[in-house]
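Observations on the model geometry
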Amino acid sequence: TACTHLGERDYFEEMNKERRTVEDSISIGKIDFAQKAIDEKLRTAKDSDSYYLWLSTKNRKNFYLTDAKGMEEVNNRIGKYLSKKVKESESRKWVEAEYYMSKSVYFISFRWAPDSALAYNSMALKKLDAVKGAEDHKLLTLLNRGFVLRQIGRYDESADMYYRAQ
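Below is a short write-up of the structure. (Residues numbered from 1 in each chain as written. Predicted model: local features only at pLDDT ≥ 70, side-chain atom pairs only at ≥ 80, totals over all residues. Heavy atoms only, no water.)

1. A look at the overall build of the protein chain
For the protein chain, the helix and strand inventory stands at 8 helices and 0 strands. In terms of overall size, the protein chain behaves like a compact globule, its C-alpha atoms giving a radius of gyration of 16 Å where 166 residues would be expected to give roughly 15 Å. Per-residue burial over the protein chain gives 48% buried out of 166 residues. Taking contacts inside the protein chain between residues at least 6 apart in sequence as the whole, the part at least 24 apart equals 59%. Total accessible area on the protein chain is roughly 9200 Å²; 51% of this is exposed by carbon and sulfur atoms. For the protein chain, the centre of its 30 positive side-chain charges and the centre of its 26 negative side-chain charges are spaced 4 Å apart. (Helix = DSSP H or I, 4+ residues; strand = E, 2+ residues; numbered from the N terminus. Rg over C-alpha atoms; globule rule 2.2 N^0.38 Å. Buried < 20%, exposed > 50% of the residue type's maximum accessible area, 1.4 Å probe, protein only. Contact = heavy atoms within 4.5 Å. Areas by Shrake-Rupley, 256 points an atom, 1.4 Å probe, with all protein chains shown as cover. Lys, Arg positive; Asp, Glu negative; His and termini not counted. Charge placed at Lys NZ, Arg CZ, Asp CG, Glu CD.)

What follows is the structure, given as structure tokens:
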């Protein structure tokens, strides 16, 4: 279950800082460091939402390594978790937003299914609008949307997404 103590927002803000650090390590190719950090955080997650947020971070590593199968497996696992009906919380919204972002990237990068990518991207943006402190993630999601729209020749809409991301 999601943590419900008074410091939930602070806890998730701190965890998101740690996740960004690991994601930065992935982007500069420090995969071994990132994998060890992810494994440790998965082992020590204090609740289910934290665990699945770190699993989402693992999916960023899968994307970086162009591991479509690994990305699909993680997406399926997170989707199964999200199919359980639980009380809506800030942390649950984060997990959902990350899941939709990952599905969007998966569908455009590995399946060339732009309609699915755009649908999941829209769901991610909706969730991110409801989450405090999600500005960086929303920026990335808008940029991804602009990329998909450009790839399918919808240049005016693509330019609008890039403009909104400024």
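2. So, the pattern of salt bridges
Pairing is possible between side chains of opposite charge, provided their charged atoms come close. Tallied over the full model, the rule gives 12 salt bridges. Notably, a salt bridge pairs Asp129 with Lys138, separated by 2.4 Å at the nearest N-O pair. You can call Asp129 exposed: its relative accessible area is 52%. By relative accessible area, Lys138 is classed as partly exposed at 24%. Through salt bridges that share partners, Arg19, Glu23, Arg60 and Glu98 make up one connected network. (Salt bridge = Lys/Arg side-chain N within 4 Å of Asp/Glu carboxyl O.)

3. Some words on the nonpolar core
In this structure, Val22, Tyr52, Leu55, Ile78 and Val95 are the most contacted members of the largest nonpolar core, which totals 44 residues. Secondary-structure elements contributing two or more residues to this core are helix H1 (8-27), helix H2 (31-44), helix H3 (48-64), helix H4 (68-82), helix H5 (90-109), helix H6 (114-129) and helix H7 (135-151). When residues of this core are assigned to their parent elements, the largest contribution, 10 residues, is made by H5. Among residues more than four places away in sequence, those in contact with Tyr52 are Arg77, Ile78, Tyr81 and Val95. (Core = buried A, V, L, I, M, F, W, Y, C linked by side-chain atoms within 4.5 Å.)

4. Comments concerning unusual backbone geometry
Comment: phi is negative for the bulk of residues other than glycine, and the bulk of peptide bonds are trans. One non-glycine residue, Thr66, adopts positive backbone phi at about 50°. Note that Thr66 resides in the loop between H3 and H4. Given the relative accessible area of 59%, Thr66 is considered exposed. Phi at Trp112 takes a positive value of approximately 40°, unusual for a residue other than glycine. Take Trp112: it is sitting in the loop between H5 and H6.

5. Some points on the packing of aromatic side chains
Counting across every chain of the model gives 8 aromatic pairs. For the pair Tyr52 and Tyr81, a centre-to-centre distance of 4.0 Å together with 5° between the ring planes defines the contact as stacked. Here the residue Tyr52 occupies a position in helix H3, and Tyr81 occupies one in helix H4, the gap between them amounting to 29 residues. Between the aromatic rings of Phe107 and Tyr120, the centroid separation amounts to 5.6 Å while the plane-to-plane angle is 0°, which identifies the pairing as stacked. One end of the pair, Phe107, is in helix H5; the other, Tyr120, is in helix H6, and 13 residues separate them in sequence. Side by side, Phe107 and Tyr120 carry an identical accessibility label, which is buried. Joined through ring pairs, the aromatic side chains of Phe63, Tyr99, Tyr100, Tyr106, Phe107, Phe110 and Tyr120 make up one cluster. (Phe/Tyr/Trp six-rings, centres within 6.5 Å; stacked < 30°, edge-to-face > 60°.)

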